[in-house]
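# Structural overview for review
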Amino acid sequence: MGIQCGIVGLPNVGKSTLFNALTRADIQAENYPFCTIDPNVGVAQVPDPRLEELAGFVNPERIVPAVVEFVDIACLVAGASKGEGLGNQFLSHIRDVDAIAHVVRCFENDDVVHVSGGVDPLSDIEVIHTELALADLERLERAFDRNHRKGISGDKSALALSKLIEEVMQQLSDGIAVRGQQRTPQQLDQLRELQLLTAKPLMYVANVDEKGAVENEHVEAVRKLAEAEGAGVISICASFEAEIAGLEPEEQEEFLAEIGESEPGLNRVIREAYHLLGLQTFFTAGPKEVRAWTCKKEATAPQAAGVIHTDFERGFIRAEVIAYGDYIEHGGEAGAKDAGRWRLEGKEYLIAEGDVVHFRFSV
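Residues numbered from 1 in each chain as written. Predicted model: local features only at pLDDT ≥ 70, side-chain atom pairs only at ≥ 80, totals over all residues. Heavy atoms only, no water.

## Regarding the sheet that holds strand β6 (residues 202–207)
- Within the open sheet, the 6 strands sit side by side as β2-β4-β1-β5-β6-β7. Their pairing is mixed. If you trace the sheet from one side to the other, it starts and ends with β2 (40–45) and β7 (232–236), each paired once. Looking at each pair of strands side by side, their axes are set apart by 25° on average, direction ignored.
- Note that strand β1 (residues 4–8) and strand β4 (residues 67–72) share 4 bridges and pair parallel. Paired with I7 across the bridge in β4 is D72.
- Those strands touched by helix α10 (residues 266–276) are β2, β4, β5 (99–105), β6 and β7, and its axis lies near 170° from that of β7. (Pairing = 2+ DSSP bridges. Helix = DSSP H or I, 4+ residues; strand = E, 2+ residues; numbered from the N terminus. Axes fitted to C-alpha atoms, helices over the stretch in contact; angles between N-to-C directions. Contact = heavy atoms within 4.5 Å.)

Spelled out as C-alpha cells, the structure:
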C-alpha cells in the first residue's frame, strides 16, 4: 500500500533540506519564504536489514524494499487559512497526505532568517496548529449547515451527523485537534470524507544544528508538548543528514561508525511515519525477488494479499506463513518446514510483523 507523509512547517525551518535528505532529491532550498511553489514528491526506501537476511537464503534476482512517499509542502504562515502567503492552495495539498511531519526549527543561525524574527518552536507550532484548525472549522461549518438542513427535512442520519459535527467543532474551538478527541471508530469513519487536517496523525521533527542535539532547550520544549499531545517527536540535524544521504553506502557506513552511530537519523523519521499510521511489514521471498510489503497492523491474510494485487484478495484461498524469526533460525523455507514452523492459514488469520508469506489464490 502506498503511503504519503506531508512535510510542513513555517518558512526557513529546514523542510526542503529534510525532504532532500529523505529522498535524495535535488530540490534547491533557498533562504527565503515560498521557494517551494508546488508540492515536491519523493520516494524514500524503508530501511530494513531483514531483507538482506532473507535474500541470503534464496539468492533472488532483486531485493525490493517498502517505500514511503514524502511530500514537501510549501510553507504555511499565519493567516494561511484566509489566503495569506500561498494560502489554501497548500492546505489542500495537506488534505491529500496520510500523515504530517511538522518540522520545527530548534537552532539559532543569524544567517538564516526566521519568519517571526526569533526562534520559538512552541510559537511556531501554535501558528501551524491554528491555521489547520481554522481551515477545519470552515469545512466543518459548511458540512454542519448542509446536514442540519437535511435533518430538519426529516433525514435522521444527516441530523445525527450534524450533531457529531457540532461536537467536533466545539472541541476544536477549545483547542483540541480532531486526532486528540475521544471518538469511536464509527464516528471517525463518518468524519473521514471531510479530510480534516487536524485528524491526521502527526509527528514533530525538531531540526537542530550539528551541536544542538544534546541539552537543547528548544527540543525539550517540543518533547514536552508532544508528550502532552500524544504525538511523536524526533530530533535530527537536517543539513547533516543531507550530507550523509549524498554519500555512497560504503562511505555512509564508515562515516557513521566514526561518529558512533549505527544508522542515519533519517531512518528514525521513516520508522516513525510507519508507527504513526499503524503499519507493519510482511515479506515474500523467492528466486525472482525478496520484497517487503506494507499493510495495516491486524490486517487479515486476504487484506494483505490485496496489497500485492486485488486479484489475490478476491480469489484468496490460503496463506503459507513462516514467522521471520523461524525462517532465519531454520535456514529458510525448507528448514522451517522440516522444523514444523511452516503453516497454512485461512481468511481469519491476522498478519504478524515480519511474516514471510506465500498466498494461494484462484482467478
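## Some points on the confidence of the model for the protein chain
- In the predicted model, the protein chain carries a mean pLDDT of 87, and 88% of its residues have values of at least 70.
- At the low end of the mean pLDDT range in the protein chain sits helix α3 (residues 88–95), at 74; at the high end sits helix α13 (residues 324–329), at 98.
- Here residues 25–37 is modelled with pLDDT under 50, and outside its nearest four sequence neighbours on either side it reaches 26 contacts, counting other chains as well. (pLDDT = per-residue confidence, 0-100.)

## A few points about the nonpolar core
- Among the nonpolar cores identified, the biggest contains 66 residues, and L18, L22, F70, I94 and M203 are the most heavily contacted of them.
- With 6 residues, the single largest contributor to this core is α10.
- Those residues within four positions of L18 in sequence are excluded, and the remaining contacts are I7, V103, V205, I236, A238 and L266. (Core = buried A, V, L, I, M, F, W, Y, C linked by side-chain atoms within 4.5 Å. Buried < 20%, exposed > 50% of the residue type's maximum accessible area, 1.4 Å probe, protein only.)

## A short note on the packing of helix α1 (residues 15–23) against α10
- Packing of α1 against α10 leaves a shortest axis separation of 10 Å and a crossing angle of 90°. It follows from the interaxial angle that α1 and α10 lie roughly perpendicular. Where α1 approaches α10, its residues L18, A21 and L22 are matched on the opposing element by L266, V269 and I270. (Parallel < 35°, antiparallel > 145°, perpendicular 65-115°, else oblique.)

## Section: the packing of helix α8 (residues 238–245) against helix α9 (residues 249–258)
- Close contact between α8 and α9 brings their axes to 9 Å; oriented N to C, the two are set at 135°. Comparing the axis directions of α8 and α9 gives the class oblique. On the side of α8, the interface is formed by F240, I244 and A245, while α9 contributes Q252, F255 and L256.
- Considered class by class, the residues forming the contact of α8 with α9 number 5 nonpolar, 1 polar and no charged. (Nonpolar A, V, L, I, M, F, W, Y, C, P; charged D, E, K, R; others polar.)

## Comments concerning helix α5 (residues 156–173)
- Under the 1.5 Å per step criterion, the end-to-end length of α5 is 26 Å for 18 residues, consistent within 8% with the ideal 26 Å.
- Burial in α5 covers these residues: A158, L161, S162, L164, I165, V168, M169 and L172. The arc that holds the buried residues of α5, viewed along the axis, is 165°, so those residues lie on one side.
- Buried residues in α5 make contact with α4 (121–152) and α6 (185–192).
- At the C-terminal side of α5, G175 shows a positive phi close to 95°. (Expected span 1.5 Å × (residues − 1). Arc of directions from axis to C-beta.)

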